[in-house]
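Coordinate inspection notes
Residue-level listing of the chains:
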Amino acid sequence: AVGDEPEIFIPLKTSFDHINLMTYTMSNAWPGWVTWHTSALYNGGRTFPNSTRQLPSAQFWVNKWLAAGFSPRQLGIGIAFFGDIWKGASAPLQSIDGVTTTRDNRYQKIAPYESNPAYYHWDSVAQVPYLSIDKEGTADDQFISYDNARSIAAKIKYVKENNLGGVIIWQLGDGYRTDVATGQDALVQAVKQAAQ
C-alpha cells in the first residue's frame, strides 16, 4: 500500500501492474488538522483550517495518481475493517485541541453501536459512517470513524465507475463478526455482494 506521493513512483510506474493506495488511516490529531474520517471516499472540497489544502479522501488521492500519469487500472483503493477513535471530539471537522486518537477498535467492537440512532451517523458527503458519542463536556466524547457495509458498497461502486484496478482490505480479521441471521462475516459478505 502506498500513500499520497505518486511522484516517488513515477520513475517506476511501468514496473508496476497494480498499486494499492492506502486510503485508510488517512487522518490523525496532527498539528493543523481537524477531526476527520479514517477512510473518506470524498472530501466534498473540505479543507484544513485556514488553508486551501483539501482533506484526504480516496477520490482526492486517486486523482493525484491519475494526474501523475498512472492508469486507472493500475490503481486500487483500500478498505479497513477497523475504526479510528478520536477521544475529546464527537464529530468530523472539529478542533483537535485536547483530542487524541487510537486505532485499536475493531469493526466487531463497533458494529453493536450502529443500531443506536443516538450514536450512528452517515456523512453523506464523505460517504462513510461514524459514531458520535457526545457526553457532558468534551473529555469523554468520542468520534469513531470506520467502514461498514454501506461505505464498502460506495467504495466498490466508485472503483467500478472509474475503471480502477480493485480494492484491498486491511486488517481482515478485525472485521470478523458472525452475523446472527446468516452466520457469515458481514463485511466480507458486503465486499462480495458489492463486487458482483
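Now for a look at the structure at hand.

This part is about the overall build of the protein chain. A tally of helices and strands in the protein chain yields four helices and eight strands. Listing each helix as α and each strand as β along the protein chain from the N terminus yields β-α-β-β-β-α-β-β-β-α-β-α. The C-alpha radius of gyration computed for the protein chain amounts to 17 Å, which stays within 12% of the reference 16 Å derived for 196 residues, consistent with globular compactness. Seen through its C-alpha atoms, the protein chain measures out along the principal axes to roughly 55 × 50 × 25 Å. The proportion of buried residues among the 196 residues of the protein chain is 45%. In the protein chain, the proportion of contacts linking residues at least 24 apart, taken out of those at least 6 apart, comes to 64%. Taken as a whole, the protein chain presents about 9700 Å² of accessible surface, with 50% of it coming from carbon and sulfur. If the 16 positive side-chain charges of the protein chain are averaged to one point and the 18 negative ones to another, these points end up 6 Å apart.

Of note, Asn-116 is situated in the loop between α2 (107-110) and β5 (120-123). The sequence separation of Asn-116 and Leu-131 amounts to 15 residues, and the corresponding C-alpha distance is 9.2 Å.

Attention now moves to the side chain of His-37. Residue position: His-37 is located in the loop between β1 (19-21) and α1 (58-67). On the basis of relative accessible area, His-37 is assigned to the buried category, the value being 0%. Setting aside anything within four residues of it in sequence, one finds His-37 in contact with Ser-27, Pro-92, Asp-123, Ala-126, Val-128, Pro-129, Tyr-130, Phe-143 and Ser-145.

Inspection of every chain in the model, using the stated rule, returns 11 aromatic pairs. Ring centres of Trp-86 and Phe-143 lie 6.2 Å apart, and the angle between their planes is 35 degrees; this geometry places the pair in the tilted category. Linking Trp-86 in strand β3 (residues 82-87) with Phe-143 in strand β7 (residues 142-145), this pair joins segments that are 57 residues apart in sequence. Of the two residues, Trp-86 and Phe-143, neither departs from the other in class, the shared state being buried. In textbook terms, an aromatic cluster arises when at least three aromatic residues are bridged by ring pairs, as seen for Phe-9, Phe-16, Trp-65 and Phe-70. Positioned above the aromatic ring of Phe-70 is the side chain of Lys-13, whose terminal nitrogen or guanidinium carbon lies 5.9 Å from the ring centre. The side chain of Arg-150 reaches across the aromatic face of Trp-122, ending 4.0 Å from its centre.

You can see Asp-84 is positioned in strand β3. Here Asp-84 falls in the buried class, since its relative accessible area comes to 1%. Expressed as a C-alpha distance, the spacing of Asp-84 and Thr-102, which sit 18 residues apart in the sequence, is 5.9 Å. Not counting residues up to four positions away in its chain, the partners in contact with Asp-84 are Thr-25, Ser-27, Thr-38, Thr-102, Arg-103, Phe-143, Ile-144 and Ser-145. A polar atom in the side chain of Asp-84 sits 3.0 Å from the side chain of Thr-38.

For the rest of this paragraph, the subject is the nonpolar core. Core analysis: the biggest nonpolar cluster contains 18 residues, and Leu-21, Trp-65, Leu-75 and Ile-77 have the highest contact counts within it. The set of elements that each furnish at least two residues to this core consists of β1, α1, β2 (75-80) and α3 (149-161). It is α1 that contributes the most residues to this core, four residues altogether. Residues contacting Trp-65, with those up to four places away along its chain left out, are Val-2, Gly-3, Asp-4, Glu-5, Pro-6, Phe-9, Ile-19, Leu-21, Phe-70 and Leu-75. Counting residues in each nonpolar core, the second largest holds 16 residues, with Ala-111, Tyr-146, Ile-156 and Ala-194 among its members.

The rules behind these values
- Residues numbered from 1 in each chain as written.
- Predicted model: local features only at pLDDT ≥ 70, side-chain atom pairs only at ≥ 80, totals over all residues.
- Heavy atoms only, no water.
- Helix = DSSP H or I, 4+ residues; strand = E, 2+ residues; numbered from the N terminus.
- Rg over C-alpha atoms; globule rule 2.2 N^0.38 Å.
- Buried < 20%, exposed > 50% of the residue type's maximum accessible area, 1.4 Å probe, protein only.
- Contact = heavy atoms within 4.5 Å.
- Areas by Shrake-Rupley, 256 points an atom, 1.4 Å probe, with all protein chains shown as cover.
- Lys, Arg positive; Asp, Glu negative; His and termini not counted.
- Charge placed at Lys NZ, Arg CZ, Asp CG, Glu CD.
- Phe/Tyr/Trp six-rings, centres within 6.5 Å; stacked < 30°, edge-to-face > 60°.
- Lys NZ or Arg CZ within 6 Å of the ring centre and 35° of its normal.
- Polar contact = N/O pair within 3.5 Å; in protein donor to acceptor, adjacent residues only side chain to side chain.
- Core = buried A, V, L, I, M, F, W, Y, C linked by side-chain atoms within 4.5 Å.

Keep in mind these values describe shape, not function.
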